[in-house]
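An overview of the molecular structure
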Amino acid sequence: MDEKKYQQLEQQITPKPKYLKNCILAFVVGGFICFIGQFVALFYITFFDFTERTASNPTVATMIFISMLLTGFGYYKKIAQVGGAGSAVPITGFGNAMISAAIEHRSEGYVLGVGGNMFKLAGSVILYGVFSAFVVALIKTILVGLGVVSW
């Protein structure tokens, strides 16, 4: 069998992806994760006297913690299989990525295995996040200093 016939046979046998279904599931799962995040934020605002602005930091930390727990118990993988990108895009995907790397390398020990590999993927996210925040703050400081934008 030559290469051309093989590619035709492969295209016939390979199942077609269900784009619409996958998009809808990603939207629903991602929306539900955001709904839970909004609920957590309202919890902090109601019971701990946070404002909308100050509730964001503990909300993000709580959502990351919840996703790490779900990953540790094996439930986040099932959510990701259904929701695809809907589970990877919110902040919970960051928590999942961190703890997955740690769990994968736990046999190498706590320091070199868990500690060393936990930030392989997440380290670049943190680095780019901090660098982006620095650049934006620098631009804002320059624009405020020139009087283009008011504080």
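Notes on the structure in this doc start here. Here the structure is a predicted model, which is why all the values come from computation and not from measurement.

1. Brief notes about the nonpolar core
Grouped together as the largest cluster of nonpolar side chains are seven residues: Val29, Ile33, Val40, Tyr44, Ala55, Met63 and Tyr76. When residues in this core are grouped by element, the largest group, four residues, is from helix 2 (residues 19–47).

2. Section: the packing of aromatic side chains
Across all of its chains, the model carries six aromatic pairs by this definition. Between the aromatic rings of Tyr44 and Phe48, the centroid separation amounts to 5.8 Å while the plane-to-plane angle is 45 degrees, which identifies the pairing as tilted. The class for Tyr44 is buried, based on a relative accessible area of 16%. Plain terms: the ring middles of Tyr44 and Phe50 are 5.8 Å apart, the flat faces sit at 80 degrees to each other, and that makes the pair edge-to-face. Pairwise contacts between aromatic rings join Phe43, Tyr44, Phe47, Phe48 and Phe50 into one cluster.

Reading the values: the criteria
Residues numbered from 1 in each chain as written. Predicted model: local features only at pLDDT ≥ 70, side-chain atom pairs only at ≥ 80, totals over all residues. Heavy atoms only, no water. Core = buried A, V, L, I, M, F, W, Y, C linked by side-chain atoms within 4.5 Å. Buried < 20%, exposed > 50% of the residue type's maximum accessible area, 1.4 Å probe, protein only. Helix = DSSP H or I, 4+ residues; strand = E, 2+ residues; numbered from the N terminus. Phe/Tyr/Trp six-rings, centres within 6.5 Å; stacked < 30°, edge-to-face > 60°.

In short, the description is geometric, and any link to function would need to be established separately.
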